[in-house]
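An overview of the molecular structure
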Amino acid sequence: MTMKPKHLLTLQDLDREEILHLFRNAIELKREKKTLRLLAGKTLGLLFQKPSVRTRVSFEVGMAQLGGQSLYIGPVELEQGKRESPKDVARVLSRYLDVIVARTFRHAEVEEMARHSEIPVINGLSDASHPCQALADLLTIQEKVGHLQGIKVAYVGDGNNVCHSLMKGCALVGVNLSIATPTGYEPNPTITQWAAREAKKTDAKIELLNDPLKAVKGASVLYTDVWTSMGQEQEKQRRVKAFQGFRVDGKMMKAAGHGTLFMHCLPAHRGEEVTDEVMDSRESIVYDQAENRLHVQKAVLLMLLKR
Ligand code: CP
Ligand code: NVA
């Protein structure tokens, strides 16, 4: 009987020790500039229903640096999941590839793919979660602040996929997280309840507020994401109205405190959820954050393929 592959669909697939182990390996891979051929002969398939810069490029480059190769299967080939079932796609690709990164609209689709896949499936962003992003975020915070346990991070904006993964990650590693969203845009209650249970084990405090200025006070890091995610474009007008007061600008950074760092998963809608002033400020670590996608995902690939 073949062993079931380990997947990374959400951060619930990892425990605290595994996350910290990934960070140690990522830091080593980042330091080690030479090419390692640990994944020679392995092929990664990137199945993307939505556009991407960071996820696609960092996985392709990461795989190449580890001696493997990648191929991209985009929205045209996938016909937004309408051409064939995720089940059949997963079964067929398991015969060609060694690992899959899937970017889907519906989280249920990446779950279905994983259920039927004989090779590891990594979620490269679904409507519910973005685990690779949260791993890079927490690694970046650890590098910049020096440690994770007990620090305060504030997330201001939409209770979306990025917020969900950040919340799970913070709960798992013991980071206090204050989330401020407009009413009606809170994170999914099931995910919030899961995070609250995990947070008890690591002494982290996860709070949900509707007042951004209250949430950001005393935070080491202020994090935001777009108000309108991919697939929600028809809601844009309504969202722009609902999110008034949630833009991260110089005043909000000041309300957070002295030395608060700014983070954003990118792509940013400059002038909407964040001003140019903040994006381009000394406190902004958004490009270091993007770079760490590469290092932490190389550690993820090694973990899933070298078992
Ligand atoms: N942050 C992130 O996942 O970026 P892309 O959508 O460009 O991959
Ligand atoms: N919340 C954003 C994240 C993009 C990386 C989206 O889903 O479009």
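Data block above holds the structure.
What this report covers is the structure whose coordinates are included nearby. Since we're looking at a predicted model, the values are computed, not measured.

1. Section: the site of ligand 1
Near ligand 1, the surroundings consist of Ser52, Val53, Arg54, Thr55, Arg103, His130, Gln133, Cys265, Leu266 and Arg293. In the environment of ligand 1, an oxygen atom lies 2.7 Å from a nitrogen or oxygen atom belonging to the backbone of Val53. One of the side-chain N or O atoms of Gln133 is found 3.0 Å from a nitrogen atom in ligand 1. Residue composition of the shell around ligand 1, grouped by class: three nonpolar, four polar and three charged. Split by domain, the shell around ligand 1 shows at least three residues from each of two domains, domain 1 (11–130 + 293–305) and domain 2 (133–289).

2. Brief notes about the pairing of strand β5 (residues 152–156)
Counting buried residues in β5 gives four out of five residues, a clear majority hidden from the surface. Of the pairings in the sheet, the one linking β5 to strand β6 (residues 176–180) comprises five bridges and is parallel in character. Within the sheet, the bridge partner assigned to Val153 lies in β6 and is Leu177. Crossover β5 to β6 through helix α7 (residues 161–173) is right-handed. The pairing of β5 with strand β8 (residues 221–224) spans four bridges and is classified as parallel. Bridge pairing links Tyr155 to Tyr223 in β8.

3. Description of the sheet that holds β5
Taken together, five strands build an open sheet; the order of strands is β7-β6-β5-β8-β9 and the sheet is parallel. With one partner strand each, in any of the chains shown, β7 (206–209) and β9 (261–264) form the two edges of the open sheet. Each strand axis lies, on average, 20 degrees off the axis of its neighbour in the sheet, ignoring direction. By the bridge criterion, four bridges tie β8 to β9 in an arrangement that is parallel. Bridging from a neighbouring strand, Val221 pairs with Leu261 of β9. Contacts between helix α6 (residues 131–145) and the sheet are confined to β5, β8 and β9, with β9 contributing the most and set at about 165 degrees to the helix.

4. Quick look at the sheet that holds strand β3 (residues 99–103)
Taken together, the four strands give an open sheet; going across it, the order is β2-β1-β3-β4, and neighbouring strands pair in parallel fashion. On the outer flanks of this sheet lie β2 (69–73) and β4 (121–123), each paired with one strand and no other. In this sheet, neighbouring strand axes are inclined to one another by 20 degrees on average, regardless of whether the strands run parallel or antiparallel. Examined bridge by bridge, strand β1 (residues 43–48) and β2 share five bridges and lie parallel to one another. Along β2, the bridge assignment pairs Thr43 with Gln69. The strands touched by helix α2 (residues 54–65) are β1, β2, β3 and β4; relative to β1, the strand with the most contacts, the crossing angle is about 175 degrees.

5. Focus on the packing of aromatic side chains
The relative placement of two aromatic rings is captured by the distance of their centres and the angle of their planes. Taken as a whole, this structure holds five aromatic pairs when the rule is applied. Counting every residue linked through ring pairs, the aromatic cluster contains Tyr185, Trp227, Phe243 and Phe246. The ring of Tyr72 carries the charged tip of Arg56 above its face, separated from the ring centre by 3.6 Å. For Lys168, the ring lying beneath its charged end belongs to Trp194, and the centroid distance is 5.8 Å.

6. Here we look at the packing of α6 against α7
Packed helices, taken two at a time, are described by the angle their axes make and the gap between the axes. Two numbers describe how α6 lies on α7: the axes approach to 8 Å, and their chain directions differ by 50 degrees. In terms of axis orientation, α6 runs oblique to α7. Of the two possible hands of crossing, α6 and α7 adopt the one that is right-handed. Touching Pro131, Ala134, Asp137 and Leu138 of α6 are Ser165, Leu166, Gly169, Cys170 and Val173, all from α7. Here the contact of α6 with α7 is composed, by residue class, of six nonpolar, two polar and one charged.

7. Focus: the packing of α7 against helix α8 (residues 189–202)
Remark: α7 packs on α8, axes separated minimally by 7 Å, with the N-to-C direction vectors making an angle of 20 degrees. With respect to α8, the element α7 is oriented roughly parallel. In the packing of α7 onto α8, the handedness of the crossing is left-handed. Residue-level contacts link His164, Met167, Lys168, Ala171 and Leu172 of α7 to Ile191, Thr192, Trp194, Ala195, Glu198, Ala199 and Thr202 of α8. Its residues placed into classes, the contact of α7 with α8 shows seven nonpolar, three polar and two charged.

8. Here we look at helix α13 (residues 286–305)
Spanning 20 residues, α13 covers 29 Å between terminal C-alpha atoms, matching the ideal 28 Å at 1.5 Å per step. Along its length, α13 reaches its greatest deviation from straightness, about 25 degrees, at Asn292. Counting buried positions along α13 yields 16 of 20 residues, so the element is predominantly enclosed.

Cut-offs applied
- Residues numbered from 1 in each chain as written.
- Chains lettered and ligands numbered in written order.
- Predicted model: local features only at pLDDT ≥ 70, side-chain atom pairs only at ≥ 80, totals over all residues.
- Heavy atoms only, no water.
- Near = heavy atom within 4 Å.
- Polar contact = N/O pair within 3.5 Å; in protein donor to acceptor, adjacent residues only side chain to side chain.
- Nonpolar A, V, L, I, M, F, W, Y, C, P; charged D, E, K, R; others polar.
- Domains from an automatic or database assignment.
- Buried < 20%, exposed > 50% of the residue type's maximum accessible area, 1.4 Å probe, protein only.
- Helix = DSSP H or I, 4+ residues; strand = E, 2+ residues; numbered from the N terminus.
- Pairing = 2+ DSSP bridges.
- Right-handed = clockwise from strand over helix to strand, strands pointing away.
- Axes fitted to C-alpha atoms, helices over the stretch in contact; angles between N-to-C directions.
- Contact = heavy atoms within 4.5 Å.
- Phe/Tyr/Trp six-rings, centres within 6.5 Å; stacked < 30°, edge-to-face > 60°.
- Lys NZ or Arg CZ within 6 Å of the ring centre and 35° of its normal.
- Parallel < 35°, antiparallel > 145°, perpendicular 65-115°, else oblique.
- Left-handed = near helix turned anticlockwise from the far one by under 90°.
- Expected span 1.5 Å × (residues − 1).
- Bend = angle between axes of the 7 residues up to and from the residue.

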